[in-house]
Each structure stands twice: as structure tokens, then as C-alpha cells.
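# Summary of structural features
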Amino acid sequence: MVEAMFQYEFLRNAFLAGVLIGLVAPLLGVFIVVRRLSLIADALSHVTLAGIAASLLIEKKFGTFVGWNPLYMGMGFSVAGSLFIEKLRSVYKYYQELAIPIILSGGIGLSVIFISLANGFNTDLFSYLFGSVSAVSRQDVWIIFGIACAVIMAIGLLYKELFLLSFDEEYAVASGIRAKTIHFVFIVLVALVIAASMRIVGILLVSSLMTLPVAASIRIAKGFKQAIVYSVLLGELAVIAGLFMSYELDLAPGGTIVMLSVLILLITILWKKWRRG
Amino acid sequence: MKTEEVLKVEHVSFRYEKENVLEDVTFSVRKGAFLGLVGPNGSGKSTLLKCILGLLKPQQGNISLFGTPISEFKEWHRVGFVSQKANSFNTGFPATVYEVVASGLTAKLGLFRFLTAREKQAVMEAIEAVGMAKFHKQNIGELSGGQQQRVFIARAIVSKPELLILDEPTVGVDVHHVQSFYNMLDELNRRLGITLLLVTHDVGTITEKVTHVACLNKHLYFHGKADEFAQLQDHDLSKFYGHHLHVLSHQH
Ligand SMILES: Nc1ncnc2c1ncn2[C@@H]1O[C@H](COP(=O)(O)OP(=O)(O)O)[C@@H](O)[C@H]1O
Ligand SMILES: [Mg+2]
């Protein structure tokens, strides 16, 4: 694949995009996992799918948006979905997890309606569902790069607030941290990263890139900073190795990356067991 | 000359719903004191603390911190608080003792500011003050209940408060370690000069450790020096504490 990468632009694009999401998805994932919000990523990815389907539908019916990247609409839906989740979580104070199935099924329902309205799509939708190495355009890479920069900057600047909010929300609020605002920024970032990641791993597997490397890392990490570093390293390992394998063996990259993540997780668990004796 | 009044509670009454949980409570804490606030479960201790911290607003009465009514009080970094629920956190959370204690500086630092060398040193000093220096790189979930409680106290004192409020900190602490836990509080009180307000439902242990005692059960039944409290006869307090008092006061 290395020689091929010099030859084909699409491979370079896929590689760059992969490295970027291999960094930001686990980075945000650490905060998602320790706050027990893992399923939010799942719900949002299905909402993103609805946005993509809507965009493809408009393109097919009217043709006017040809060349308009479906990622934009996916991002729009995802952010709207994240705000809706927050609203629902405050409505159902004592059943906060209810927000997730509501949004998730809403996302799928909408997607199915859009898809059937379009009488089905070509392989384009398939690549959004399962990820693709060949479908990543240069414009996609730029969008993903922009999102990655925003995420890294926001996490860097709000690190201590996000940490406190994750570790002890009550104390954070009592000590005067603007918890609502910071949580809002965070959830919007999650929505953006989900939209960015699906080009490579596909909508159905986005959440696993946010959670599996973290699940492995918190088994072995001492402290939060270390958990972040390990999560990102393991995420990158899975993405880069997965991309190579999927190219060489002609597999869907999403599935390969996720199965590698599962493998890494299993190895970590076994290693931890073995080291404990 | 009397020392400064760190905390003053005057004729405070509070109710969540219809019935008063606190009724006409009046007492004060002077600088350098170690006040034990005792009362059975459900007597309104946590409620009173929330009023003092400005988290609840009493329907009647006034509370001042450092001479300022709490409605106008802004210097919250002068007050440290360890909540009753502090050690009910997610024990699988990957955070070291150091990281947890450092998080106590979040509000004081403000947005977009990072820990400087001086603040990092303050974190280590707070960890040392509670006797946890050896463990500063350990994940907090791997510690015992008593050790975790010490870490939360370190988090509360890292911003150098003058008044430290603790809500039932010995719940979940191994009986054998309660003694050394109180010794540590004594250190904070005497060596660092932190005024302490400790809430507990365990009358027996507390009286030997503190300088002052207040007994709360909706009303304030007693407020005075610890030795005066020790001289009270059991029957003086039985109306307040019920028969539990006998059991507890003879244990020690
Ligand atoms: N949020 C609340 N809403 C209504 N009642 C409450 C609330 N919190 C406490 N109470 C009631 O107030 C009384 C005092 O509670 P609390 O201050 O927690 O007592 P303590 O800390 O001494 O055990 C109890 O009867 C309790 O049921
Ligand atoms: Mg209480």
C-alpha cells in the first residue's frame, strides 16, 4: 500500500483522514466513556445517517446540490440531534438514558424514509454505512482536518473543566464551573467528530472507534492523561493497521478497523490478567 | 479580645416543603475553632451546610461568612467543602490522586488557565498534608474508603481555604483508621490554622477531638465548648438524641 499511496491520491486521502479520526475519536471517547455516555455516539451516528440520506435524496431528486458534500448535512443533523438529546435528558431527569433510544430510532426512521423516497441509492450510501478507502475526497480531508483542529483546541483549552465535570459533576457545579455551557460545547464536538469519522469507518461503526480503544486503555492506564494517551495510540494503531489490511485484502475498512480494535481490547484484557498472575 | 467570626448563623429556619427542617438555629464559629456539629440522621445537618454554602436559601434568618452576608459573599475560595457523597464516585474512573487534588483548583484558576509550577507544588503540599504523598500517582479507585476521603479533603484544601466544612467524612472509613483520620484533621486545624466544621452523627468519638460542639435536631440543642458538652448528663441529651446516646457515649 505504501507505494500505491504515492501513486493514488485517494489512498493518501484515506490515510490522512484515518490518522486524523484515529486521533480525535478516541480523544473525545475518553470523556464519553468515563461519563457513561457511550451510547450517545451510537444515537448520533444514526442521526447523521439521516442527514446524509437527506442530502443524497435532494441531490438525486433535484440535482441542484451536485457537488455539495453530504457531510455538511450529516453534520447539521448530528449537531441538531445532540441538542435534542440534551433537551430530552433534562425533560426525563430520572430516566436520562431514555433520550438515546428516542434519538436513535428517530434517526433510523428518518433515514429509512429518505432512502425509500429516493427508491434506493447507488453504492454511495453503502460507503457511508460501512466506510470506504476509495470514497474519501480531498475536500473530505479538509473538512476532517478542520474538525480535528477544533476538537484538539477545545479539549486543550477546556481540559481541566472537562475533567472535573466528568469526575464529579456535583462538585463542578458547586464550585461555580459553567457546567451547562461546557457540556454543550462538548456534545457539539462529539456530533462533529461522528460526522467526520463515518467516511472511513462508516456510520454503523463510528461509536466503536470512540469507545473500544478507550475500553482497552482504562484497563491499563494510571491516571486520566495516560488514559487519553493510550486511547489515542491504540486508536491510531487500529486505524492505520486496519486501513492497510483493508486495502491489501480488499475488505471494508470500517469492519477491519473495528475488528482490530476488538482484538486489541482482548489482548489488553488478557495481558492485564496475565500480569496480575 | 475575641478572634474573628468566620461563620455566623442567626435565627435560621429552613423548609423544603411544608414542615421546617431547621428552626431558629443560631450559632457562630470563631477563627481557629474545630466545631463538631452532631445530630441523628435526618436532623438537618446536611441541609444546614447547604444553607451555609449558599446552595439553599433559608426562608428566615441570616448567615454570614467572614463578616459578609452570604448573599453578598464572593470569596468562595476561602471555604472548602467535602460533601457527604464525595466518595460515592465511579471507582473505575482512571484518575490519579494528583489529578483529583489538582481539580480542586479548577474554579480558582478560571477558564483557559493552566497549573503553574507554584500551583503544582500547592497540589503536592495538600496531598502531603493529608498523609497521601506516597499514593499520589495511584488511581483513586484503588484506594480504601478512608484514603479516598483524605484525597477529597486534599482537593478541598488545595485552594487554601480558611474554613473547611466536612459532611460525615468518617462514613465508609474503617473503624481502625478513624483515629488517625481525626489526628490528620487535628493537624490541619492546629498546624495550618484551618477552621473546621465537621458534621457527624457519631457523638461518642467527636467530643474528644473538637474544641466546640453543636447539637442539632431541627433546633439547636447545645452549643458550647467541648469540655462543657462532656459534663452534660446523659439525660440532658436523651430528649435530643434518644437512647442512641447511651450506647455511643459509653463506647469511648
Ligand atoms: N431535597 C430534599 N427535599 C425534601 N426534603 C429533603 C431534601 N433533603 C433532605 N430532606 C429532608 O430534610 C430532613 C433533613 O435532611 P438532612 O439535612 O439530609 O439530614 P442529615 O444530614 O442530618 O442526615 C430529612 O427529613 C430529609 O428527609
Ligand atoms: Mg447528611
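What counts and what doesn't
- Residues numbered from 1 in each chain as written.
- Chains lettered and ligands numbered in written order.
- Predicted model: local features only at pLDDT ≥ 70, side-chain atom pairs only at ≥ 80, totals over all residues.
- Heavy atoms only, no water.
- Salt bridge = Lys/Arg side-chain N within 4 Å of Asp/Glu carboxyl O.
- Near = heavy atom within 4 Å.
- Polar contact = N/O pair within 3.5 Å; in protein donor to acceptor, adjacent residues only side chain to side chain.
- Areas by Shrake-Rupley, 256 points an atom, 1.4 Å probe, with all protein chains shown as cover.
- Helix = DSSP H or I, 4+ residues; strand = E, 2+ residues; numbered from the N terminus.
- Nonpolar A, V, L, I, M, F, W, Y, C, P; charged D, E, K, R; others polar.
- Buried < 20%, exposed > 50% of the residue type's maximum accessible area, 1.4 Å probe, protein only.
- Contact = heavy atoms within 4.5 Å.
- Core = buried A, V, L, I, M, F, W, Y, C linked by side-chain atoms within 4.5 Å.
- Expected span 1.5 Å × (residues − 1).
- Donors = N, O, S within 2.8 Å, 3.2 Å for Na, K, Ca; no water.
- Pairing = 2+ DSSP bridges.
- Axes fitted to C-alpha atoms, helices over the stretch in contact; angles between N-to-C directions.
- Buried area = accessible area lost by both parts, 1.4 Å probe.
- Patch = residues over 30% accessible without salt bridge, like charges linked within 9 Å, V, L, I, M, F, W, Y side chains within 5 Å.
- pLDDT = per-residue confidence, 0-100.

## Details of the pattern of salt bridges
Residue and element names in this part refer to chain B. For the coordinates displayed, the defined rule picks out 15 salt bridges over all chains. Linking Arg-78 and Glu-75 is a salt bridge whose minimum nitrogen-to-oxygen distance equals 2.9 Å. The residue Arg-191 makes a salt bridge to Glu-187 at a minimum N-O spacing of 3.1 Å. Residues joined in a network through salt bridges with shared partners are Glu-5, Lys-8, Glu-10 and Arg-30.

## Side note on the site of ligand 1
Residues and elements named next belong to chain B. As a structural note, the neighbourhood of ligand 1 is formed by Tyr-16, Val-21, Pro-40, Asn-41, Gly-42, Ser-43, Gly-44, Lys-45, Ser-46 and Thr-47. Ser-43 places a polar main-chain atom, nitrogen or oxygen, 3.2 Å from an oxygen atom of ligand 1. The side chain of Ser-46 places a nitrogen or oxygen atom 2.7 Å from an oxygen atom of ligand 1. A total of 570 Å² of accessible area belongs to ligand 1 in isolation, and the protein chains cover 58% of it. It is helix 1 (residues 45-52) that provides the largest number of residues to the shell around ligand 1, a total of 3 residues. When grouped by side-chain class, the residues that make up the shell around ligand 1 number 3 nonpolar, 6 polar and 1 charged.

## A short note on the side chain of Ser-231 of chain A
Residues and elements named next belong to chain A. You can see Ser-231 is positioned in helix 11 (residues 224-249). Using a relative accessible area of 0% as the deciding quantity, one classes Ser-231 as buried. Excluding residues within four positions of it along the chain, Ser-231 makes contact with Pro-26, Val-30, Pro-213, Val-214 and Ser-217.

## Notes on the nonpolar core
Membership of the largest hydrophobic core comes to 140 residues, with the highest contact counts inside it found for Ile-153 and Leu-185 of chain B. In terms of residue count, the dominant contributor to this core is helix 9 (residues 179-201) of chain A (16 residues). Discounting chain neighbours no more than four positions away, the residues touching Ile-153 of chain B are Val-82, Val-130, Leu-164, Leu-166, Phe-181, Met-184, Leu-185 and Leu-188 of chain B. Counting residues in each nonpolar core, the second largest holds 29 residues, with Val-9, Val-25, Leu-163 and Val-199 of chain B among its members.

## Re helix 5 (residues 145-157) of chain B
Residue and element names in this part refer to chain B. With 13 residues, helix 5 should reach 18 Å at 1.5 Å per residue; the first-to-last C-alpha distance of 19 Å fits that figure. Burial analysis of helix 5 places 11 of its 13 residues in the buried class, which makes it a mostly covered element. When helix 5 is considered as a whole, its buried residues turn out to be Gly-146, Gln-148, Gln-149, Arg-150, Val-151, Phe-152, Ile-153, Ala-154, Arg-155, Ala-156 and Ile-157.

## Structural notes on the coordination of the magnesium ion (ligand 2)
Residues and elements named next belong to chain B. The magnesium ion (ligand 2) binds to the protein through Ser-46 (OG) and Gln-84 (OE1); the donor distances cover 2.0 to 2.4 Å. Residue Ser-46 is located in helix 1, and its partner Gln-84 is located in the loop between strand 6 (79-82) and helix 2 (97-102); the two are separated by 38 residues in the primary sequence. With relative accessibility at 40%, the residue Gln-84 sits in the partly exposed group.

## Structural notes on the sheet that holds strand 3 (residues 34-38) of chain B
Residue and element names in this part refer to chain B. Read across the open sheet, the 6 strands follow the order 6-7-8-3-9-10; overall the sheet is mixed. Each edge of the open sheet is held by one strand with a lone partner, namely strand 6 and strand 10 (219-225). Looking at each pair of strands side by side, their axes are set apart by 15 degrees on average, direction ignored. Bridging between strand 3 and strand 9 (residues 212-217) involves 4 bridges; their strand directions are parallel. Note on strand 9: the bridge partner recorded for Gly-36 is Val-213. This element, helix 5, spans strand 6 and strand 7 (163-167) of the sheet and lies at about 160 degrees to strand 6. Helix 6 (residues 175-190) rests against strand 3, strand 7 and strand 8 (195-200) of the sheet, and its axis sits at about 150 degrees to strand 8.

## Describing the interface of chain B and chain A
If you look at the interface, chain B gives 28 residues, while chain A gives 24 residues. Between chain B and chain A, a total of about 2,200 Å² is buried, with carbon and sulfur atoms accounting for 64% of that surface. For the chain B face of the interface with chain A, the top three residues by lost area are Phe-93, Pro-94 and Thr-106 of chain B, together amounting to 27%. Where chain B packs against chain A, one counts 2 salt bridges. Across the pair Arg-155 of chain B and Asp-168 of chain A runs a salt bridge whose closest N-O atoms are separated by 2.9 Å.

## Some remarks on a nonpolar patch on the surface
Taken together, the side chains of Val-91, Tyr-92, Tyr-94, Tyr-95, Leu-98 and Ile-102 of chain A make up a nonpolar region of the molecular surface, amounting to roughly 650 Å² of accessible area. Summarising the element assignment, Tyr-94 of chain A is placed in the loop between helix 4 (70-91) and helix 5 (99-117).

## Here we look at the confidence of the model for chain B
Residues and elements named next belong to chain B. Confidence in the prediction for chain B averages 87 pLDDT; 91% of positions are at 70 or higher. Scored below 50 in pLDDT, residues 243-252 makes 14 contacts in the model with residues more than four places away or belonging to other chains. This complex was scored by the predictor with a pTM of 0.87 and an ipTM of 0.88.

## With respect to the sheet that holds strand 4 (residues 60-65) of chain B
The strands making up a sheet are joined through hydrogen bonds of the backbone, oriented either antiparallel or parallel. All names here are of chain B. As summarised here, the arrangement of the 4 strands in space is 2-1-4-5, forming an open sheet in which the pairing is antiparallel. A single partner strand is all that each edge strand has here, and the edge strands are strand 2 (20-30) and strand 5 (68-69). Relative to strand 4, strand 1 (residues 5-15) is paired through 5 bridges, and the arrangement is antiparallel. Along strand 4, the bridge assignment pairs Ser-13 with Gln-60. Contacts from helix 1 reach strand 1, strand 2 and strand 4, with the element oriented near 60 degrees to strand 2.

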